[in-house]
Amino acid sequence: VDTKEFTVKARAEGASAVEGLIAETAVVSGTESDTITIKGPRTVINKIDSVVAYAAVNKTLSESATYDAQIRLYDENEEEIDASNLTLSETQVKVTVPISKRKTVPVVADFTNLPSGFAKESISYTIDHDSVNIIGTPDAIDKITKVTLSAIDITSVSVSSKSFDVSAKLPDGVRILDSIEHFTVTIDTSGYAERTFTVSNVKYNGLASGLNATSDSVIKNVKICGPKAVIAKLRAEMLYAEINLSDKAAGEHTVLVTVKSDQYNNIWQVGSYSTTVKIK
């Protein structure tokens, strides 16, 4: 007598979908796992090639459906094996037939941390896959008009850094049919320029009442990117480092800064910068 574990495959006989929908491969449901333990004579156990959860559906479906199924055992020739002398850990399982919908939609890039005067719509870019085939539950697919990619941080964008590999953001129950692991977004930076500045003007935000902040050092080698015409006119004294101290108590802190300008709201820093602040 042997005991052996098998993976159960689902089979939904005669399952099809109405026009415009897709009946996907049936899956085993109603159990914690898709495995089954079978105990019995070794001569019989050794003949088992596949274990199938079988459901006679024979219907045209407009939505996903679940059916009671029977466990059937088959040898390598697809001949059914008599299970009367075997003990099965599961004899009744369920088979679910997922009904899905397919759709082709455009792919769009997204950006974050944009300066207030720089709109997403003004960024020109190309994507190596500008459309994709998606599949999922009909309700979810009907709501999707485009696939939006993970946001690209604008502080990563410069004249020399313009190509990014990002993934797609998809709702639950939706997946991409094409074998695409990531998308390459290439930004047209021909209208941008960049220069390096030393920033000595510091502004503090969120400092608690009764506290005073000072910063001893200037911030050197700050790369600023933006439209060519703006960068050409930009001077160091037009820039300041904004520091958020809303969660800081008295003491010395190393903090990140955001470099901005009161004159121009369509420029951004490239990379991240920090300084040391003393709070008393």
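In what follows, the accompanying structure is described. (Residues numbered from 1 in each chain as written. Predicted model: local features only at pLDDT ≥ 70, side-chain atom pairs only at ≥ 80, totals over all residues. Heavy atoms only, no water.)

## Digging into the overall build of the protein chain
Scanning the protein chain for helices and strands turns up 3 helices and 26 strands. Taken over C-alpha atoms, the radius of gyration comes to 31 Å for the protein chain, far larger than the 19 Å a tight globule of 280 residues would show. By principal-axis analysis of the C-alpha atoms, the protein chain measures approximately 90 × 45 × 30 Å. Counting over 280 residues, the protein chain shows a buried share of 37%. (Helix = DSSP H or I, 4+ residues; strand = E, 2+ residues; numbered from the N terminus. Rg over C-alpha atoms; globule rule 2.2 N^0.38 Å. Buried < 20%, exposed > 50% of the residue type's maximum accessible area, 1.4 Å probe, protein only.)

## Quick look at the nonpolar core
The biggest cluster of nonpolar side chains holds 29 residues, and the ones touching the most others in it are Val-132, Ile-134, Phe-183, Val-185, Ile-187 and Trp-268. Contributing elements (two or more residues each) for this core: β9 (99-108), β12 (131-136), α2 (138-143), β13 (147-149), β15 (163-166), β17 (174-176) and β18 (183-187). When neighbours within four sequence positions are excluded, Trp-268 is seen to be in contact with Pro-115, Phe-118, Ile-154, Thr-155, Val-157, Tyr-192, Lys-223, Ile-224, Cys-225 and Gly-226. Ile-48, Val-57, Tyr-67 and Leu-86 belong to the second largest nonpolar core, which has 26 residues in total. (Core = buried A, V, L, I, M, F, W, Y, C linked by side-chain atoms within 4.5 Å. Contact = heavy atoms within 4.5 Å.)

## Re the packing of aromatic side chains
Enumeration according to the criterion identifies 4 aromatic pairs in this entry. In this structure an aromatic cluster arises from ring pairing among Phe-118, Tyr-192 and Trp-268. Here the basic side chain of Arg-72 rests over the ring of Tyr-54, its NZ or CZ set 3.8 Å away from the ring centre. (Phe/Tyr/Trp six-rings, centres within 6.5 Å; stacked < 30°, edge-to-face > 60°. Lys NZ or Arg CZ within 6 Å of the ring centre and 35° of its normal.)

## Let's talk about unusual backbone geometry
Not every positive phi belongs to a glycine, and Asn-58 is a case in point at roughly 50°. You will see that Glu-78, though not glycine, has its phi angle at about 65°, which is positive. Within the secondary structure, Glu-78 sits in the loop between β6 (65-74) and β7 (87-88). Classification of Glu-78 by relative accessible area gives partly exposed; the value is 45%.

## A closer look at the sheet that holds β6
Within the open sheet, the 7 strands sit side by side as β3-β8-β6-β5-β1-β4-β7. Their pairing is mixed. Of all the strands in the sheet, the pair left with one neighbour each is β3 (27-29) and β7. Of the pairings in the sheet, the one linking strand β1 (residues 2-17) to strand β5 (residues 50-61) comprises 9 bridges and is parallel in character. Looking across to β5, one finds that Ala-17 is bridged to Leu-61. (Pairing = 2+ DSSP bridges.)

## Overview of the sheet that holds strand β11 (residues 125-127)
If you walk across this open sheet you meet the 3 strands as β11-β18-β15, and the pairing is antiparallel. Two strands lie at the open edges of the sheet, namely β11 and β15, each paired on one side alone. Across the sheet, the mean angle separating the axes of adjacent strands is 20° when strand polarity is ignored. The pairing of β15 with β18 spans 4 bridges and is classified as antiparallel. Residue pairing in the sheet places Ser-163 in a bridge with Thr-186 of β18. (Axes fitted to C-alpha atoms, helices over the stretch in contact; angles between N-to-C directions.)

## Things to note about the pairing of β1
Bridge analysis of β1 against strand β4 (residues 35-40) gives 6 bridges, and the strand direction is antiparallel. If you follow Glu-5 over to β4, its bridge partner there is Thr-37.

By themselves, these observations are geometric and do not establish any function.
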